[in-house]
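Analysis of the macromolecular model
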Amino acid sequence: MSLVEIDRIHKSFDDLEVLRGVSLDIDEGEIVAVIGRSGSGKSTLLRCINGLEPIQAGTIWVDGEQVNAPETDLRKLRQKVGIVFQSFNLFPHLTVERNITLGLTVVKKMAVEEARKIARQAIAQVDLEDKLSAYPDMLSGGQQQRVAIARSLAMSPKLMLFDEITSALDPELIGEVLRVLAKLAEDGMTMMVVTHEIGFARNVAHRLVFMHNGEIWEEGAARAVLDNPKTEELKNFLGSVLI
Amino acid sequence: MIRDLATNDFFYLLFAARWTVALAVVSIIGGSLIGVVVMVLRVVPIPPAKWLAVAYIQTIQGTPLLGQLFIIFFGIGVLGYDVSPWIAATVAFSVYSGAFLGEIWRGSVQAVPKTQWEASASIGLSFLEQLRYVVIPQAVRFSIPPTIGFWVHLVKNTSLASIIGFIELTRAGQIINAATFRPMTVYLVIAVLYFCICFPLAKMSERLEGKLRVAR
Ligand SMILES: Nc1ncnc2c1ncn2[C@@H]1O[C@H](COP(=O)(O)OP(=O)(O)OP(=O)(O)O)[C@@H](O)[C@H]1O
Ligand SMILES: [Mg+2]
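These numbers were taken from a predicted model, which means no experiment stands behind them. (Residues numbered from 1 in each chain as written. Chains lettered and ligands numbered in written order. Predicted model: local features only at pLDDT ≥ 70, side-chain atom pairs only at ≥ 80, totals over all residues. Heavy atoms only, no water.)

Secondary structure summary: chain A contains nine helices and ten strands in total. Expected size for 243 residues packed as a compact globule is a radius of gyration near 18 Å; at 18 Å, chain A falls within 12% of this value. Expressed as lengths along the three principal axes of its C-alpha atoms, the size of chain A is roughly 55 × 45 × 35 Å. For chain A, buried positions account for 58% of its 243 residues. In chain A, once contacts between residues fewer than 6 apart in sequence are set aside, the share between residues at least 24 apart is 64%. Accessible surface, chain A as shown: approximately 10,400 Å² in total, 47% of it carbon and sulfur. If you average the places of the 27 positive and of the 35 negative side-chain charges in chain A, the two averages end up 4 Å apart. (Helix = DSSP H or I, 4+ residues; strand = E, 2+ residues; numbered from the N terminus. Rg over C-alpha atoms; globule rule 2.2 N^0.38 Å. Buried < 20%, exposed > 50% of the residue type's maximum accessible area, 1.4 Å probe, protein only. Contact = heavy atoms within 4.5 Å. Areas by Shrake-Rupley, 256 points an atom, 1.4 Å probe, with all protein chains shown as cover. Lys, Arg positive; Asp, Glu negative; His and termini not counted. Charge placed at Lys NZ, Arg CZ, Asp CG, Glu CD.)

Below, the structure is given as structure tokens:
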């Protein structure tokens, strides 16, 4: 059984059908990049996987638990699924350390000392050891995004979801965040990465998914799909993004 | 008989001002407790809880405070319980404040970006944990000016309690004025005393607001 099994899911916002029968499996240790035009449903797909958005039909399984079943404890499930957003969404009233330990002490009921130890490990993974006592508004965008990654990692997730995490960053800050992702990839983290960084998708992702109009339009080994796009839509899309 | 104003009259007013402050403070505490509950019921994603809170808010905001004072003071009396003006006034003002503070705080909670809810849900926090650790600490900042504005409004409105025989600053002034017939002096002193209570509140609002961090 795959770590994530998405089976013919449909998702609508009122009358607007945003996901139209999407199916996708992700194995443990696999890195899946998701590309597609704005509005094609990439973010929505990601948000369905950790239950932030309910779905109207189909099923999603994560690590043997059905996300969209009423009896599922979403709190438990979300500890296994980290998500990092385009806009960082750090807690501005808390220090970097408290941003990271909040989930550990409140959700995992960990003792403060233990939580701090994990915070130090997590912050080291993103190379920001000296920022533990800083507040988010004292950090650059790239640093904030790395803290957001550390906050997710601290929960020891089995799966990480990344939603265009470099899109809000100045170009010179993108590299430091992508390096963190690459390191995570080397460590064998299972990841689903929505990105406009085609180069990153080509070099780091095992598999590539191209979404179009709420459907998975093309998918396959990242390089193969990028080098030999089969559909007009993907050709047009690749022609329109800077590589 | 009309007598002259004496220094004692000033102390009498000062003494009465303590009751104004006491009534305001107790009502703010009582109102805050009710207000927190009203706010939570209002934002919790359970429709009946929301309806209950809305009904409460509409009832209190839609009827005059004076009427609420009368109903609590005389209404409870009709039921056979003897309530002192002090008890009736603190209950009435707490109930009144609870509705307004609850609504002010709901607005502040909703002013916190939705992304803060999503980020905190994503690390596994429950609804109440999200409120407590992430949303309320940030909402506090938005809530300071309107909350303190309401406190000032409440301090001045405590004068209505004189209607049910509670002797606070305004009622004390009426009593002295009846004996001395020096309305200008008496009410000027009263105005100054109200100002002395309210002004520090406004100052506090400014100082607190500068201190807290929120998502932008
Ligand atoms: N909360 C919402 N309410 C209504 N419509 C929504 C909501 N969220 C997304 N949509 C709509 O769903 C569609 C897909 O949105 P989604 O954010 O998944 O696209 P995306 O592929 O991530 O695009 P982008 O590259 O711009 O981030 C869009 O048409 C969007 O307007
Ligand atoms: Mg998106």
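Here we come to the overall build of chain B. Counting secondary structure elements, chain B contains eight helices and zero strands. Along chain B, from the amino end to the carboxyl end, the secondary structure elements read α-α-α-α-α-α-α-α. In terms of principal-axis extent, the alpha carbons of chain B reach across some 75 × 45 × 20 Å. Relative to its full complement of 216 residues, chain B shows a buried share of 44%. When the accessible surface of chain B is summed, it comes to about 11,000 Å², and 71% of that surface belongs to carbon and sulfur atoms. Averaging the locations of the 16 positively and 9 negatively charged side chains of chain B gives two centres separated by 7 Å.

Let's shift gears to the interface of chain A and chain B. Where interface size is given, it is often the accessible area lost as the parts come together that is meant. The interface of chain A with chain B comprises 25 residues on the first partner and 20 residues on the second. Carbon and sulfur atoms supply 60% of the area buried between chain A and chain B, which totals about 1,900 Å² over both sides. Per-residue buried area on chain A facing chain B is highest for Phe91(A), Pro92(A) and His93(A); these three make up 27% of the total on that side. Put simply, chain A and chain B have three salt bridges between them. For Arg47(A), the salt bridge identified is with Glu118(B), shortest N-O distance 2.7 Å. For the interface between chain A and chain B, the tally reads six residue pairs in polar contact (both at pLDDT 80 or more). Looking at the side of chain A that touches chain B, the elements that each hand over two or more residues are helix H2 (74-80), strand S6 (81-84) and helix H3 (96-107) of chain A. In terms of residue count, H3(A) provides more of the side of chain A that touches chain B than any other element does, five residues in total. In the side of chain A that touches chain B, the residues fall into 13 nonpolar, five polar and seven charged. (Buried area = accessible area lost by both parts, 1.4 Å probe. Salt bridge = Lys/Arg side-chain N within 4 Å of Asp/Glu carboxyl O. Polar contact = N/O pair within 3.5 Å; in protein donor to acceptor, adjacent residues only side chain to side chain. Nonpolar A, V, L, I, M, F, W, Y, C, P; charged D, E, K, R; others polar.)

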